[in-house]
Amino acid sequence: MPEQFAHISDPHLTHLHDVGVAQLLNKRLLGYLSWRRRRRHEHRPEVLEALSRDLAAHPPGQLVVTGDLTHIGLPQEFSQARSWLQQLGDARQVALVPGNHDACVKAPWQDTFELWADYLASDAPEPPLFPSLRVRGSIAFIGLSSACPTPPFMATGAVGKEQLQRLPHLLEATRDQGLFRVVFIHHSPLAGTEKWRKRLTDAPALQAIIESGGAELVLHGHGHRAHRRELETRQGMVPVVAVPSASAMGLHGADIAHYNRYAVSRTASGWTLDLECRGYDPAVDGFVTDDRQSLQLRRD
Ligand SMILES: [Fe+2]
Ligand SMILES: [Fe+2]
């Protein structure tokens, strides 16, 4: 029986209707103006409602969420996002990493990420939080945080030294257990694939670790566009798959909302990975399948 999970990203699900001027210091003011002008028309609650119906109709097992739940990382947005996460499912079924919008400016932990702690947590939570590890059947979900405050007009991320130090051991240990390793992160981990102001600043180091330690699948969001790349590693090819925003109408050059469903089966020579892309169709106010792929991942 294949094991299933789904990936969604960048829901930007919050609204800022009742935000006061005093809350809009520094970078948050720019983010607020961008929301008023553009983003509230792009990221729509009715699309997220259609997504919830689709997920409820075909529960995917584990759900991976790669950040940008908020617009400007205000405590009240963390609270709105917590309610949304609870609607998606129990924290044991929803694995979350944050995005750059969630870490817009430095904010007290207890007012912000503490509200999502059980969704960010590993199976056996102990500090530090990241990389996180959840094992579900034959699948290891390894979460990396790339979210950190950046100067105005910058949307970069960084994994940082500590996570880069811990990751090789985690990849090796889960490989030794014969698990299908899913690495998930908000920013693209591939060097040179993202615009300079949106890049992961330590992508070269992260990419080198994955090339050496291997993985079976890498998932990310952030660009609000779908694409699939391949990373050659010492243990075989690793698909690197980006999913668009889960709430997008597809204005201003972004892709319309999509999410991806995966099914994993072990084979004699490695793994079969089936990918189903489901996109929002405004004509039916629902998600429909618009692509399917089946990949053979050879592993020795
Ligand atoms: Fe985003
Ligand atoms: Fe982002």
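Above this note sits the structure.
Described below are features of the structure shown in this document. (Residues numbered from 1 in each chain as written. Chains lettered and ligands numbered in written order. Predicted model: local features only at pLDDT ≥ 70, side-chain atom pairs only at ≥ 80, totals over all residues.)

Turning our eyes to something else, we now look at the packing of helix α5 (residues 161-176) against helix α6 (residues 203-213). The geometry of α5 relative to α6 is characterised by a closest axis approach of 10 Å and an angle of 20° between their N-to-C directions. In this view, α5 runs roughly parallel relative to α6, as classed from their interaxial angle. Crossing of α5 against α6: the hand is right-handed. In this structure, α5 contributes L164, L167, P168, L171 and E172 to the contact, and α6 contributes A205, L206, I209 and G213. Considering only residue class, the contact of α5 with α6 consists of 7 nonpolar, 1 polar and 1 charged. (Axes fitted to C-alpha atoms, helices over the stretch in contact; angles between N-to-C directions. Helix = DSSP H or I, 4+ residues; strand = E, 2+ residues; numbered from the N terminus. Parallel < 35°, antiparallel > 145°, perpendicular 65-115°, else oblique. Left-handed = near helix turned anticlockwise from the far one by under 90°. Contact = placed C-beta atoms within 7 Å. Nonpolar A, V, L, I, M, F, W, Y, C, P; charged D, E, K, R; others polar.)

All right, on to the sheet that holds strand β7 (residues 217-220) then. The strand order across the open sheet formed by 6 strands is β4-β5-β6-β7-β9-β8, and the pairing between neighbours is mixed. Edge positions in the sheet fall to β4 (132-136) and β8 (227-233), since each of these pairs with one other strand and no more. Averaged over neighbouring strand pairs, the angle between their axes works out to 20° when direction is ignored. Pairing geometry for β4 and strand β5 (residues 139-143), over 5 bridges, is antiparallel. When the bridges of β5 are listed, R136 appears paired with I139. Across the sheet, α5 is in contact with β4, β5 and β6 (180-184); its angle to β6 comes to roughly 155°. Against the sheet, α6 contacts β6, β7, β8 and β9 (236-242), and its axis sits at roughly 60° relative to β8. (Pairing = 2+ DSSP bridges.)

The linkage connecting P127 with the following residue, P128, adopts the cis geometry, with an omega of -5°. Structurally, P128 can be placed in the loop between α4 (117-120) and β4. Between F130 and the following residue, P131, the backbone shows a cis peptide bond with an omega angle of 0°. Tracing the backbone shows P131 in the loop between α4 and β4.

The 6 strands lie next to each other as β3-β2-β1-β10-β11-β12, forming an open sheet whose pairing is mixed. The open sheet terminates on both sides in strands that have one partner only, identified here as β3 (94-97) and β12 (286-298). Averaged over all adjacent pairs, the angle separating strand axes in this sheet is 20°, with direction ignored. Two strands pair when backbone bridges link them, and strand β1 (residues 3-8) and strand β2 (residues 62-66) are joined in this way by 4 bridges, in the parallel orientation. Looking at β2, one finds that A6 is bridged to L63. Contacts from helix α2 (residues 45-57) reach β1, β10 (258-267), β11 (270-281) and β12 within the one sheet, and its direction differs from that of β12 by about 55°.

What follows is about the environment of E211. Relative to the elements of secondary structure, E211 occurs in helix α6. For E211, a count of 15 C-beta atoms within 10 Å gives the class partly exposed. Considered as a pair, E211 and V238 are 27 residues apart in the sequence and their alpha carbons are 8.8 Å apart. Once residues within four sequence positions are removed from consideration, E211 is found in contact with L231, T233 and R234. (Buried ≥ 20, exposed ≤ 12 C-beta atoms within 10 Å, placed from the backbone.)

An α-helix turns once every 3.6 residues. As a result, residues three or four positions apart point the same way. Along α6, the residues classified as buried are A203, L206, Q207, I209, I210 and G213. For α6, the buried positions fall inside an angular range of 160° around the axis, keeping them on one side. Buried residues along α6 sit in contact with α5, β6, β7, β8 and β9. Directly beyond the C-terminal end of α6, a positive phi value near 80° is found at G214. (Arc of directions from axis to C-beta.)

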